[in-house]
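Below are the chains, spelled out letter by letter.
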Amino acid sequence: MENQEAQVSTRNKLGDAIPEIKGKPADSEKITINLGPVDLGQIDLLVKEGFYSNRTDLIRTAIRNQLSIHADAINQTVARRRLVLGLHRFSRVDLEAAQAEGQMLQIHVLGLASIDADVTPELALATIESIVVLGALHATPAVKAVLAGRIH
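Since this is a predicted model, take the numbers as computed values, not measurements.

Draft legend 1. How the structure looks around the overall build of the chain. Counting its secondary structure elements, the chain contains six helices and five strands. Its helices and strands in sequence order give the chain the pattern β-β-α-α-α-β-α-β-α-β-α, from N to C terminus. In the chain, the share of contacts with a sequence separation of at least 24, taken over all contacts with a separation of at least 6, comes to 45%. For the chain, the exposed area adds up to about 11100 Å²; of that, 54% sits on carbon and sulfur atoms.

Below you can see the structure in the form of structure tokens.
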């Protein structure tokens, strides 16, 4: 398979093809880092010596260790800023309910905030006052465009 967006077929009990769409996993985001040649060489040495399976394994481990060291500060900040921790999904139904009640949402998420694809830019604009996401925001390009001034 060339990429994760490719379409695959499976068969049901009658032998009929059932298409399945494979998408990008929601539990990870790709980042890019720049390292000096000495740091990179040291990482490659540890991988070659079998301490880590690959560069990514070492980098993830290092990040998790740092997050563990700073866990108390993270927890205090999450509480102080009133952040929702983890995945928070906003559906069209959720936003329509907020609109019916005359509510404007202030979204504060540490992790992933996801606005469903069927949410129109007009509905998002009418119901979302502000967005603060430490992590990733998934929404259609049109929704992100109309909310650009409200994303902090």
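Draft legend 2. Local environment of the sheet that holds strand S3 (residues 84-90). Strand order in the open sheet formed by three strands is S3-S4-S5, and the pairing between neighbours is parallel. Only two strands of the sheet have a single neighbouring strand rather than two, namely S3 and strand S5 (128-138). Strand-to-strand twist of the sheet, defined as the mean angle between neighbouring strand axes without regard to direction, takes the value 45°. Pairing analysis gives seven bridges linking S3 to strand S4 (residues 105-115), with the strands arranged parallel. Counterpart to Leu85 in the pairing with S4 is Leu110. Packed on one face of the sheet, helix H4 (residues 92-100) meets S3, S4 and S5 and runs near 85° to S3.

Draft legend 3. Molecular detail of the layout of surface pockets. Estimated volume of the largest pocket: approximately 1100 Å³. What lines the largest pocket is a set of 25 residues, and nearest its centre among them are Ser28, Glu29, Ile31, Arg60 and Ile63. The element contributing the most residues to the lining of the largest pocket is helix H2 (residues 55-69), with seven residues.

Draft legend 4. Broad picture of the pattern of salt bridges. Considering all chains together, one arrives at four salt bridges under this definition. With a shortest N-O distance of 2.7 Å, Asp44 and Arg55 are connected by a salt bridge. Of this pair, Asp44 sits in helix H1 (residues 37-48) while Arg55 sits in helix H2, and the two are eleven residues apart along the sequence. The closest approach of N and O atoms between Arg92 and Glu96, which form a salt bridge, is 3.0 Å. Of this pair, Arg92 and Glu96 are both found in helix H4, four residues apart, which corresponds to roughly one turn of the helix. Note on Arg92: relative accessible area 31%, which makes it partly exposed. You can call Glu96 partly exposed: its relative accessible area is 35%.

Draft legend 5. Structural detail: the side chain of Ser130. Secondary-structure assignment places Ser130 in strand S5. Non-local contacts of Ser130, meaning those with residues more than four positions away in its chain, are made with Leu105, Gln106, Ile107, Arg150 and His152.

Basis of the calculations
Residues numbered from 1 in each chain as written. Predicted model: local features only at pLDDT ≥ 70, side-chain atom pairs only at ≥ 80, totals over all residues. Heavy atoms only, no water. Helix = DSSP H or I, 4+ residues; strand = E, 2+ residues; numbered from the N terminus. Contact = heavy atoms within 4.5 Å. Areas by Shrake-Rupley, 256 points an atom, 1.4 Å probe, with all protein chains shown as cover. Pairing = 2+ DSSP bridges. Axes fitted to C-alpha atoms, helices over the stretch in contact; angles between N-to-C directions. 1 Å grid on protein atoms, 1.4 Å probe; cavity = no way out; pocket = protein on both sides within 12 Å on 5 of 7 lines; lining within 4 Å. Points joined across faces, edges and corners; volume = space filled by probe spheres on them. Salt bridge = Lys/Arg side-chain N within 4 Å of Asp/Glu carboxyl O. Buried < 20%, exposed > 50% of the residue type's maximum accessible area, 1.4 Å probe, protein only.

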